[in-house]
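Working through the structure, step by step
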Amino acid sequence: MAELLDTEKIEVVAHILKTVAHPLRIGIVDLLNKNEELTVGEICQTLDSEQSLTSHHLQNMKLKGILASRRSGKHIFYSLKIKEVVSVIECIENCNHIPL
């Protein structure tokens, strides 16, 4: 018989999936995984996205604990707070049953 997943692990994964369930958010996570921290402007330029929409997604992910931010002068720098989000996305990306 297959072993059941740990309830706490299921809750964390569900929270992560619900929070990043948007193509732009997945792109932001991937970008922040490759760069320690970035400003909104740098994220917008790299992902070719509108600043208002990107800021909205960044704020939402920050409020839900996925991202962290720090202010330096006029700039706000974002970084990954929950690194496990990358593992969840990589797991989905490496799934043989989903044509990506």
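Anything mentioned here points back to the structure above.
All of the points below concern the structure found in this document.

What counts and what doesn't
- Residues numbered from 1 in each chain as written.
- Predicted model: local features only at pLDDT ≥ 70, side-chain atom pairs only at ≥ 80, totals over all residues.
- Heavy atoms only, no water.
- Phe/Tyr/Trp six-rings, centres within 6.5 Å; stacked < 30°, edge-to-face > 60°.
- Lys NZ or Arg CZ within 6 Å of the ring centre and 35° of its normal.
- Helix = DSSP H or I, 4+ residues; strand = E, 2+ residues; numbered from the N terminus.
- Buried < 20%, exposed > 50% of the residue type's maximum accessible area, 1.4 Å probe, protein only.
- Axes fitted to C-alpha atoms, helices over the stretch in contact; angles between N-to-C directions.
- Left-handed = near helix turned anticlockwise from the far one by under 90°.
- Contact = heavy atoms within 4.5 Å.
- Nonpolar A, V, L, I, M, F, W, Y, C, P; charged D, E, K, R; others polar.
- Parallel < 35°, antiparallel > 145°, perpendicular 65-115°, else oblique.
- Core = buried A, V, L, I, M, F, W, Y, C linked by side-chain atoms within 4.5 Å.
- Salt bridge = Lys/Arg side-chain N within 4 Å of Asp/Glu carboxyl O.
- Expected span 1.5 Å × (residues − 1).
- Polar contact = N/O pair within 3.5 Å; in protein donor to acceptor, adjacent residues only side chain to side chain.
- Pairing = 2+ DSSP bridges.

Taken as a whole and assessed by the stated rule, the structure comprises 0 aromatic pairs. Geometry around phenylalanine 77 places arginine 70 over its ring, the cationic atom sitting 4.5 Å from the centre.

You will see that aspartate 48, though not glycine, has its phi angle at about 50 degrees, which is positive. Relative to the helices and strands, aspartate 48 is located in the loop between helix H3 (40–47) and helix H4 (51–63). On the basis of relative accessible area, aspartate 48 is assigned to the exposed category, the value being 71%.

Right, let's get into the packing of helix H2 (residues 23–34) against helix H5 (residues 84–93). Following both chains from N to C, one finds H2 and H5 inclined at 115 degrees, their axes separated by 10 Å at the closest point. Where H2 crosses over H5, the two elements pack in a sense that is left-handed. Every residue of H5 that contacts H2 at Ile26, Val29 and Asn33 is listed here: Val85, Val86, Ile89 and Glu90. A breakdown of the residues in the contact of H2 with H5 according to their chemical character gives 5 nonpolar, 1 polar and 1 charged.

Further remarks concern the packing of H2 against H4. As a packed pair, H2 and H4 sit with axes 10 Å apart at the nearest point and diverge in direction by 70 degrees. Taken together, the axis directions place H2 and H4 in an arrangement best described as roughly perpendicular. Judged by residue contacts, Leu24, Arg25, Ile28 and Val29 of H2 engage Leu53, Thr54, His57, Leu58, Asn60 and Met61 from H4.

Looking now at the nonpolar core. Formed by 21 residues in total, the largest nonpolar core has its most connected members in Ile28, Val29, Leu32, Leu67 and Val85. Sort the elements by how many residues they give to this core and H2 lands first, with 5 residues.

With that out of the way, let us pick up the pattern of salt bridges. Evaluated as defined, the whole model comprises 2 salt bridges. One salt bridge in this structure joins lysine 34 and aspartate 30, with 3.0 Å as the shortest N-O distance. In this pair, lysine 34 and aspartate 30 both sit in helix H2, 4 residues apart, roughly one turn of the helix. A salt bridge links arginine 70 to glutamate 37, with the nearest nitrogen and oxygen atoms 2.5 Å apart. With arginine 70 in strand S2 (residues 67–72) and glutamate 37 in the loop between H2 and strand S1 (38–39), this pair connects stretches of sequence that are 33 residues apart.

Over its 13 residues, helix H1 (residues 7–19) runs 18 Å from end to end, which matches the ideal 18 Å to within 8%, given 1.5 Å per residue. N-capping of H1 is provided by aspartate 6, with a side-chain oxygen placed 3.0 Å from the backbone N of glutamate 8.

The pairing of S2 with strand S3 (residues 75–80) spans 6 bridges and is antiparallel. For arginine 71, the partnering residue across the bridge sits in S3 and is isoleucine 76. Here S2 hands over to S3 after 2 residues, with glycine 73 in that stretch at a positive phi of 65 degrees.

Without other data, these values stay purely geometric and don't point to any function.
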